[in-house]
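# Overview (structure and organization)
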Amino acid sequence: MYQWRKFEFFEEKKSRIPDEVEGGIRCCSSGRGKIVLGSENGTVSLLDRGFQLQYSFQAHSSSVLFLQQLKQRNILVTVGEEEQIPPQQSVTCLKVFDLDKRVEEGPSSPSPDCVQILRIFTNQFPAAQITSFLVFEETPPIIFIALGLDNGGIYCIQGDFARERIKRSKLEVDSSHFDKKQFSITGLGFRVDGQAFQLFAVTPSSVSLFNLQNQPPNRQTLDHIGSSTIGVALSDRSELIIGRHEAVYFYEVDGRGPCWAFEGEKKLLGWFRGYLLCVITDHRTGKNTFNVYDLKNHLIAHSIVVQDVSHMLCEWGSIVLIMADKSALFVVEKDMESKLDMLFKKNLYTVAINLVQSQQADAVATAEVLRKYGDHLYGKQEYDEAMAQYILTIGHLEPSFVIQKFLDAQRIYNLTSYLEKLHEKGLASKDHTTLLLNCYTKLKDVEKLNIFIKSEDGAGEHKFDVETAIRVCRAANYHEHAMYVAKKAERHEWYLKILLEDLGRYDEALQYINSLEPSQAGVTVKEYGKILIEHKPRETNEILMRLCTEEGELTKRGFSNVTFLSMLPSPVDFLNIFVHHPQSLMEFLEKYTDKVKDSPAQVEIHNTLLELYLTRVLEFPSLSQTAISENSDHRTGRVSHAPAISNVASNGRINLIQNNVDEDKDLHERHQKGLLLLKSAWPSEQEQPLYDVDLAIILCEMNSFKEGLLYIYEKLKLYKEVISCYMQAHDHEGLIACCKRLGNLDKGGDPSLWADLLKYFGELGEDCSKEVKEVLTYIERDDILPPIIVIQTLSRNPSLTLSVIKDYVARKLEQESKLIDENRTAIEKYQEETSAMRKEVHDLRTNARIFQLSKCTACTFTLDLPAVHFMCMHSFHQRCLGDNEIECPECAPEYRAVLDMKRSLEQNSKNQDCFFQQVRTSKDGFSVIAEYFGKGIISKTSTEPSDALQTTKSYSNGNF
C-alpha cells in the first residue's frame with residue numbers, strides 16, 4: 001500500500017442534510033435520482049440532486065431500521081419498529097411504499113401509498129435482532145428480500161407484495177460456536193449469473209454461498225474466516241468484497257480470490273466505476289481516512305481525512321459520504337483530460353497509459369497518450385522505445401507524423417519496423433509501400449525483402465499495394481521480386497510487361513500466356529501482342545488461333561458450334577496488334593477462315609482480308625527505311641561508308657527491278673485471292689454476301705481491281721455499272737460480249753443495255769462501224785429502239801457514215817410499209833363491220849320486225865299463245881321461259897360474257913400500277929396506250945353504266 005502512488009483524481013464538495021430532516025439518521029439508500037434517509041423517529045425523507053428535501057412522511061411509528069430504494073420501479077422497502085398498546089412492546093414490520101402514488105393524510109403533505117405491511121416475526125419465524133437487510137428485484141413485480149439475523153439465520157421473503165402473493169423461507173448458516181456473536185449475519189450480497197441465483201452470507205467466522213435456484217437451497221462454505229464489521233460490498237463483476245483489519249478480500253463462487261493489504265479497520269466498503277472505496281480507521285491516530293483505490297493500476301486515486309462517516313452512497317455519478325453530524329461530502333471524479341494532464345506534468349506516461357486502458361477509454365484517447373509518451377522518449381533520444389509506442393498508435397495516429405520523425409538515414413531501421421507493422425495491419429497506402437521497399441533496397445536487405453514479398457502465409461497480396469510494390473521493385477532492378485508479386489497477385493499484365501520490356505524473354509512470355517485461362521490470355525495478348533508479333537510472329541499466331549478456336553474444348557464442353565464460337569474471342573479483337581505487320585495478320589486470318597466457317601465475325605474478317613488482298617503496298621514504309629538507318633552515322637545522320645554507297649549505286653537498279661517483279665507477282669496473287677474471296681463469300685443461294693458490299697466496291701475502285709468490281713456489279717444486277725466499267729476501259733469487244741450476256745430479256749437481262757451501248761458508240765467520236773453494225777443487229781432483233789432514235793443517236797458521231805445504217809433503215813422501212821398495209825386492211829374491215837352494225841341498229845329503231853317462227857326454240861313444239869318473241873328472232877312458250885322473261889335464254893350467255901369482259905376492262909382501268917407496268921415492259925408502249933383507248937377504257941367519261949346497259953338491252957331484246 002505504501003508503494004502506491006497517490007493522485008487527486010477526485011475533487012470534494014461539502015454539503016449538509018437539510019434541517020427539516022429531524023432525528024438521527026439510522027439508514028439510507030439511493031437510486032432513481034434521489035437519496036432516501038430513514039430517521040430514528042420513523043420518518044423517511046427524500047432528497048433531490050441539489051441535496052434539498054423533496055418531502056418527508058411517517059413510515060413507522062417508532063424507528064426506521066433499514067430501507068432500500070428499488071432501481072427498476074419507484075418502490076421503497078422499509079423495515080422499522082411499530083409501537084404497540086403496551087408501551088414496553090414493539091413489533092418489527094416490513095412496509096412497501098409506491099412512491100408514484102400519493103394519498104392525503106390529514107393536514108400534512110401527501111404520503112406515498114403503502115402497498116403492503118408485513119410482520120416479519122411470527123410463530124414459525126421467531127424474533128431476533130436484524131443485523132443486515134438486502135432487497136433484490138427479480139422479474140417485476142417479484143421482489144426477493146433477505147433479512148440477516150444475529151442468530152445466524154436468514155429470513156427470505158419473496159413474491160408480489162401488491163397482490164399479497166408472498167412466500168417465506170429460512171436459511172441457516174452452520175454455527176459451530178456457542179458464542180452468538182460468531183455466527184451473526186454481518187453482510188449479504190446477491191449474485192446473478194445466467195440462470196444461477198445465489199446469495200452471499202458473511203458472519204464473523206465464515207463466508208457462505210447459498211444457491212437459491214435449488215429447492216431447498218444448498219449452502220457452500222467459501223471461507224472459515226469472516227468479518228465482524230459491516231464492511232461488505234459487491235464489485236461490478238458480482239464479487240463479494242470483505243474488509244478485515246489486515247486486508248480487503250474478494251470472493252467468487254469458487255472461493256477466496258485476490259486480496260489487498262490495506263491496514264486499518266475497514267469501517268465502510270464500496271465500489272464505484274471500477275474503484276474500491278474504503279473508509280479506514282487508524283486506531284493509532286484515531287483518524288478516519290476515505291481512500292479511492294485503482295486496483296488495476298495500483299494507485300490511490302484519491303485520499304482525504306474525514307469525520308465519523310455513518311453511511312456511504314453512490315448517486316448522480318458521485319460518491320456521497322454522510323457524516324454522523326448530518327454533514328455530507330460529495331466526491332466527484334475529474335474528467336479524463338484533467339487526470340492525464342496531471343500525469344503528463346509529472347512525466348508519468350506509463351501510469352497514464354494504464355489509466356486509459358483500465359478505464360476503457362476510446363482508442364483515439366489511448367493513441368494520444370501513447371503518442372505523447374513516444375514524443376517524450378523521442379526527445380530523450382530513446383528511439384527504439386519511442387518507436388515501440390508509435391507502433392501501438394497505428395490505426396489512430398497519422399502515419400506521416402511518425403515517418404517524418406524517422407526519415408533520418410540513421411533511423412532507417414526504426415522506420416522499417418514501423419512500416420512493416422503498418423502493412424501487417426493493412427493500413428498502408430501506396431506511398432507507404434513505396435517507402436518500405438525503398439528502405440529494403442537501400443539497406444540491400446534481400447532477406448527481409450523476400451519475407452515481405454514472398455510471404456508464405458498467403459497474406460502478401462493483402463498487406464500492401466501490389467502495383468506499387470511491382471513498380472518499386474522494377475525501378476530498383478529487382479525484377480524477379482516484381483515478377484513474383486505480379487504472378488502471385490495474378491497481375492498478368494505486369495508480369496508480361498517485365499518479361500517483355502525489361503528482360504526481353506519472349507519465349508517465356510509466350511509460355512506464360514499459354515498457361516493462363518483463355519479470357520486472361522486474351523486480355524494480355526491484346527495489350528502486348530504488338531511486341532510479340534514483332535519478335536515472335538509465328539508463335540503469337542499460334543496462340544491467337546488457340547484462343548479464337550479452342551481446339552478440343554468444343555467437344556469437351558458439349559456446346560454447339562455456333563454457341564461455342566460466340567463465347568470465344570473474335571479475331572477482330574486482335575487486329576490492332578498487327579498494325580505494323582499486315583503480312584502476319586493476313587496469314588492469321590487465312591488460317592482462321594480455313595478452320596472456322598461459321599464465325600459470328602465473318603463479315604468483319606472478310607472485310608479485313610479484302611483490304612489486305614487488294615491494297616497495292618502491303619509493307620509499311622518504316623520497314624524500307626531500316627536498311628538506310630543501318631548504314632548511317634548516328635551522330636550526323638549522314639552516310640559514312642563509301643563502299644555502301646557505291647554498292648547501292650551499282651546494284652540499286654537491279655534490286656529495284658527485282659523488287660518490282662516480286663511486288664507485281666505478290667499483288668497478282670493477292671488479287672486472285674481477293675477475287676476468290678469475293679466469289680466464295682457470296683454463294684448463289686444467299687441474297688447478301690458475307691462481307692460489306694459497299695466497302696468491297698470502294699476497295700476495288702481505289703485499287704483498280706476491275707475483275708472484282710465487275711463481279712460485284714453483276715451480282716448486284718447493276719448491269720449499267722458493268723458496261724460502264726468496260727466503257728471506261730474502251731474494251732469494245734468485252735463490252736459487246738457483256739451486253740450479249742446481260743442484255744437478253746429471256747434470261748433475266750436488261751435489253752436497255754443495247755441502247756446505252758449504242759449511245760456510247762454514238763458519242764465515241766471515232767470510227768466504230770463494225771461494232772455499231774453488230775449492236776444494230778441485236779437492237780433490230782429485239783426491237784429495242786425506234787429507227788428515228790437510232791438515227792439521232794448515231795448522227796452525233798462524225799466518224800460514222802450513212803452506209804453503216806443503210807441496210808438497217810431499209811429493212812425497217814420495208815417492215816413499216818408492210819405494217820401500214822396490214823393496218824389499212826384491218827381498218828377497212830372494221831369500218832365495213834361498223835357500218836353494218838349501225839345499219840342494223842337503225843333498222844331495229846325504225847322498222848317493225850315480223851316474227852314467223854311456228855315452233856318454240858326451247859321445246860321445238862308448235863308455238864301457241866301465250867308466246868314471247870325476242871328481237872334476236874327467237875320465240876318461246878311463256879311456260880318454257882318460266883320466270884326469266886327479260887332475256888333470251890339462247891343469246892344471254894354470249895351477252896353476259898361480253899358484259900363481263902367490259903366490266904373487267906373497266907375494273908382494270910382503275911389499276912394504274914398494272915397499266916404503267918405494261919407500258920414499261922412492252923417493246924412499244926404506244927401500242928399499249930392505243931389498245932386502252934381502243935377498248936374505250938381511258939376515253940370513257942360516263943359514270944352511269946346502267947344507261948348504256950339499258951340502251952343495249954332495248955336493241956337486242958323484246959317482249960310481246
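These notes cover the structure that comes with them. Everything numeric in this text was worked out from a predicted model, so none of it was measured.

What follows concerns the sheet that holds strand 12 (residues 143-149). As summarised here, the arrangement of the four strands in space is 11-12-13-14, forming an open sheet in which the pairing is antiparallel. Strands with a single pairing partner mark the edges of an open sheet, and in this sheet they are strand 11 (130-137) and strand 14 (165-172). Recorded for the sheet is a direction-independent mean angle of 15° between the axes of neighbouring strands. As paired elements, strand 12 and strand 13 (residues 153-160) share six bridges and run antiparallel to each other. Among the inter-strand pairings, Leu-147 is bridged to a residue of strand 13, identified as Tyr-155.

Structurally, Asp-98 can be placed in strand 9 (residues 90-103). Residues Asp-98 and Asp-113, spaced 15 residues apart in sequence, show a C-alpha to C-alpha distance of 5.4 Å. For Asp-98, the contacting residues outside a window of four places in its chain are Asn-74, Ile-75, Pro-112, Asp-113 and Val-115. A distance of 3.1 Å separates a polar side-chain atom of Asp-98 from the backbone nitrogen of Asp-100.

Before going further, it helps to examine the sheet that holds strand 27 (residues 309-315). Reading across from one edge, 2-29-28-27 is the order of the four strands in this open sheet, with antiparallel pairing throughout. Each of the sheet's edge strands pairs with one partner strand only, and the pair in question is strand 2 (10-16) and strand 27. Here the average twist between neighbouring strands, direction ignored, is 20°. Bridging between strand 27 and strand 28 (residues 318-323) involves six bridges; their strand directions are antiparallel. Counterpart to His-311 in the pairing with strand 28 is Ile-322.

As a packed pair, helix 10 (residues 466-475) and helix 11 (residues 479-488) sit with axes 8 Å apart at the nearest point and diverge in direction by 160°. Of the possible angle classes, the one that applies to helix 10 and helix 11 is roughly antiparallel. Between helix 10 and helix 11 the crossing geometry is left-handed. Across the interface between the two elements, Val-466, Ile-470, Cys-473 and Arg-474 from helix 10 touch His-479, His-481, Ala-482, Val-485 and Ala-486 from helix 11. Partitioning the contact of helix 10 with helix 11 into residue classes produces six nonpolar, two polar and one charged.

Note that Thr-593 resides in helix 18 (residues 582-595). Polar contacts involving the side chain of Thr-593 include one to the main-chain carbonyl oxygen of Glu-590, which spans 2.9 Å. Residues in contact with Thr-593, not counting those within four places in the same chain, are Ile-605, His-606 and Leu-609.

All told, the structure shown has 31 salt bridges when counted by the stated rule. Residue Arg-670 is joined to Asp-666 by a salt bridge in which the shortest nitrogen-to-oxygen separation is 2.8 Å. Of this pair, Arg-670 and Asp-666 are both found in helix 22 (residues 642-680), four residues apart, which corresponds to roughly one turn of the helix. Among the residues examined, Arg-670 registers a relative accessible area of 2% and is labelled buried. Put simply, Asp-223, Arg-244 and Arg-256 are held in one network by salt bridges that share partners.

Attention shifts here to helix 3 (residues 363-379). Between its first and last C-alpha, helix 3 extends 24 Å over 17 residues, near the 24 Å set by a 1.5 Å rise per residue. Among all positions in helix 3, only Thr-366, Ala-367, Val-369, Leu-370, Arg-371, Tyr-373, Gly-374 and Leu-377 are buried. Buried-residue contacts for helix 3 involve helix 1 (336-345), helix 2 (349-358), helix 4 (383-392) and helix 5 (399-405). One or two positions beyond helix 3, positive phi appears at Gln-381, with a value near 65°.

For the pair helix 24 (residues 706-715) and helix 25 (residues 719-729), interaxial distance at closest approach is 7 Å and the crossing angle is 155°. By the criterion of interaxial angle, the relationship of helix 24 to helix 25 is roughly antiparallel. Classified by chirality, the crossing of helix 25 by helix 24 is left-handed. From helix 24, Lys-706, Leu-709, Leu-710, Tyr-713 and Glu-714 reach across to helix 25, where they touch Tyr-719, Glu-721, Val-722, Cys-725, Tyr-726 and Ala-729. Classifying every residue of the contact of helix 24 with helix 25 by side-chain character gives eight nonpolar, no polar and three charged.

The residue after Pro-140, namely Pro-141, is reached through a cis peptide bond having omega 10°. In this structure, Pro-141 sits in the loop between strand 11 and strand 12. A positive phi angle is found at Arg-32, which is not glycine, with a value near 60°. Summarising the element assignment, Arg-32 is placed in the loop between strand 3 (25-31) and strand 4 (34-39). Phi is positive for Asn-347, which is not a glycine, with a value near 60°.

Here we come to the packing of aromatic side chains. Within this structure, the stated rule accounts for 31 aromatic pairs. When the centroid spacing of 5.3 Å and the interplanar angle of 80° are considered together, the rings of Phe-10 and Tyr-275 count as edge-to-face. Of this pair, Phe-10 sits in strand 2 while Tyr-275 sits in strand 24 (residues 275-282), and the two are 265 residues apart along the sequence. For Phe-10, a relative accessible area of 2% gives the class buried. What links up through ring pairs into an aromatic cluster is the set Tyr-378, Tyr-383, Tyr-390, Phe-401 and Phe-406. Positioned above the aromatic ring of Phe-9, the side-chain terminus of Lys-339 is 5.6 Å from the ring centre. Directly above the aromatic system of Trp-494 lies the positively charged group of Lys-497, at a separation of 5.9 Å from the ring centroid.

When you tally the buried positions in strand 28, you get six out of six residues, the bulk of the element. The two faces of strand 28 match: Ser-318, Val-320 and Ile-322 on one face and Ile-319, Leu-321 and Met-323 on the other face are all buried. Between the antiparallel neighbours strand 27 and strand 28 lie two residues, among them Trp-316 with a positive phi of about 60°. Joining the antiparallel neighbours strand 28 and strand 29 (residues 327-333) is a turn of three residues, in which Lys-326 adopts a positive phi near 65°.

Parameters at a glance
- Residues numbered from 1 in each chain as written.
- Predicted model: local features only at pLDDT ≥ 70, side-chain atom pairs only at ≥ 80, totals over all residues.
- Heavy atoms only, no water.
- Pairing = 2+ DSSP bridges.
- Helix = DSSP H or I, 4+ residues; strand = E, 2+ residues; numbered from the N terminus.
- Axes fitted to C-alpha atoms, helices over the stretch in contact; angles between N-to-C directions.
- Contact = heavy atoms within 4.5 Å.
- Polar contact = N/O pair within 3.5 Å; in protein donor to acceptor, adjacent residues only side chain to side chain.
- Parallel < 35°, antiparallel > 145°, perpendicular 65-115°, else oblique.
- Left-handed = near helix turned anticlockwise from the far one by under 90°.
- Nonpolar A, V, L, I, M, F, W, Y, C, P; charged D, E, K, R; others polar.
- Salt bridge = Lys/Arg side-chain N within 4 Å of Asp/Glu carboxyl O.
- Buried < 20%, exposed > 50% of the residue type's maximum accessible area, 1.4 Å probe, protein only.
- Expected span 1.5 Å × (residues − 1).
- Phe/Tyr/Trp six-rings, centres within 6.5 Å; stacked < 30°, edge-to-face > 60°.
- Lys NZ or Arg CZ within 6 Å of the ring centre and 35° of its normal.

Treat this as a map of the structure, not an account of what it does.
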